[in-house]
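# Structure assessment
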Amino acid sequence: MTAKIGLLAIGQADATVLLELKDGLATVFPDTTFAVIDAGLPMPRRALDKNRGQHRSDIILSEVQAYAVKRKNLRSVLGVVDADIFVSELNFVFGEAACPGKAAVISTSRLKPEFYGEPPNNELFAERVLKEAVHELGHTLGLKHCTRSSCVMHFSNSIFDTDRKQSAFCDECYLKVALSVNNLR
Ligand SMILES: [Zn+2]
Ligand SMILES: [Zn+2]
């Protein structure tokens, strides 16, 4: 049986982003299918940090986790949010995941060229979303950060790191993904 991963919109996430992501992810992960979950979740109110004007990624991740354990047919669930998210020790994060685990979350907020004062570019945006989604789902399979700057598992400290890396795993990471996917089936 092929592993199935659910894509879940949380709050204001754009449905087209999830559909594009579904197709992109299928080209990267072996023996895995992806499905957009019809009904998204509302953004948990308690995730908003009013002082920072950002949302807490750990709270969103725990909501995704709670949802994922109920969906026994899914290997894992990737939550997609439009809001800017952070963890206490960092100014922001592009995403967060259980490593290994059933839940991951990404934020599209800082992946938009507009965020950096640049003109909208859907192709670039979709590529960035795919990279961050692959990265966080890689963590759910137990992968740690990779030292190769072109590998999707390289840590992104800024959008420059995201743009520098590919949406694909390096050979070494790909092998880990393939082993992990097969063990979890
Ligand atoms: Zn990471
Ligand atoms: Zn790698």
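These lines cover the structure that appears in this document, whether it is placed above or below.

Calculation rules
- Residues numbered from 1 in each chain as written.
- Chains lettered and ligands numbered in written order.
- Predicted model: local features only at pLDDT ≥ 70, side-chain atom pairs only at ≥ 80, totals over all residues.
- Heavy atoms only, no water.
- Helix = DSSP H or I, 4+ residues; strand = E, 2+ residues; numbered from the N terminus.
- Buried < 20%, exposed > 50% of the residue type's maximum accessible area, 1.4 Å probe, protein only.
- Contact = heavy atoms within 4.5 Å.
- Areas by Shrake-Rupley, 256 points an atom, 1.4 Å probe, with all protein chains shown as cover.
- Lys, Arg positive; Asp, Glu negative; His and termini not counted.
- Charge placed at Lys NZ, Arg CZ, Asp CG, Glu CD.
- Pairing = 2+ DSSP bridges.
- Axes fitted to C-alpha atoms, helices over the stretch in contact; angles between N-to-C directions.
- Donors = N, O, S within 2.8 Å, 3.2 Å for Na, K, Ca; no water.
- Tetrahedral: all angles 85-135°; square planar, octahedral: opposite > 155°, others 65-115°.

Before going further, it helps to examine the overall build of the protein chain. The number of helices and strands found in the protein chain is five helices and eight strands. Judged by the C-alpha coordinates and their principal axes, the protein chain covers about 45 × 35 × 30 Å. Taken over 185 residues, the protein chain has a buried fraction of 51%. If you take every contact in the protein chain between residues at least 6 apart in sequence, the share linking residues at least 24 apart comes to 67%. Carbon and sulfur atoms provide 51% of the accessible area of the protein chain, an area that totals close to 9300 Å². One finds the centroid of the 22 positive side-chain charges in the protein chain at a distance of 8 Å from the centroid of its 22 negative side-chain charges.

What follows covers the sheet that holds strand 7 (residues 95-97). The five strands lie next to each other as 2-1-5-8-7, forming an open sheet whose pairing is mixed. Whereas interior strands pair on both sides, the edge strands pair on one side only; in this sheet they are strand 2 (32-36) and strand 7. The average undirected angle you get between the axes of adjacent strands in this sheet is 20°. As defined by bridge partners, strand 1 (residues 3-10) adjoins strand 5 (residues 76-81) across six bridges and the pair is classed as parallel. Note that in strand 5 the partner of Leu8 across the bridge is Gly79. Sitting on the sheet, helix 3 (residues 122-140) touches strand 1, strand 2, strand 5, strand 7 and strand 8 (103-107), and the angle it makes with strand 8 is about 160°.

Another point: the coordination of the zinc ion (ligand 2). Around the zinc ion (ligand 2), the protein contributes the donor atoms Cys146 (SG), Cys151 (SG), Cys170 (SG) and Cys173 (SG), at 2.3 to 2.4 Å from the metal centre. Metal-centred angles of 105 to 112° between the four donor atoms at the zinc ion (ligand 2) mark the site as tetrahedral. Counting residues between consecutive donors of the zinc ion (ligand 2) along the chain gives the motif C-x4-C-x18-C-x2-C. Of this pair, Cys146 sits in the loop between helix 3 and helix 4 (159-164) while Cys170 is found in the loop between helix 4 and helix 5 (171-184), placing the two residues 24 residues apart along the sequence. The exposure class of Cys170 is buried, given its relative accessible area of 11%.

Turning next to the sheet that holds strand 3 (residues 48-49). Taken in spatial order, the three strands make up an open sheet running 3-4-6, and their pairing is mixed. Taken across any chain shown, the strands that pair with only one partner, and hence form the sheet edges, are strand 3 and strand 6 (85-86). Bridging between strand 4 (residues 54-56) and strand 6 involves two bridges; their strand directions are parallel. When the bridges of strand 6 are listed, His55 appears paired with Ile85.

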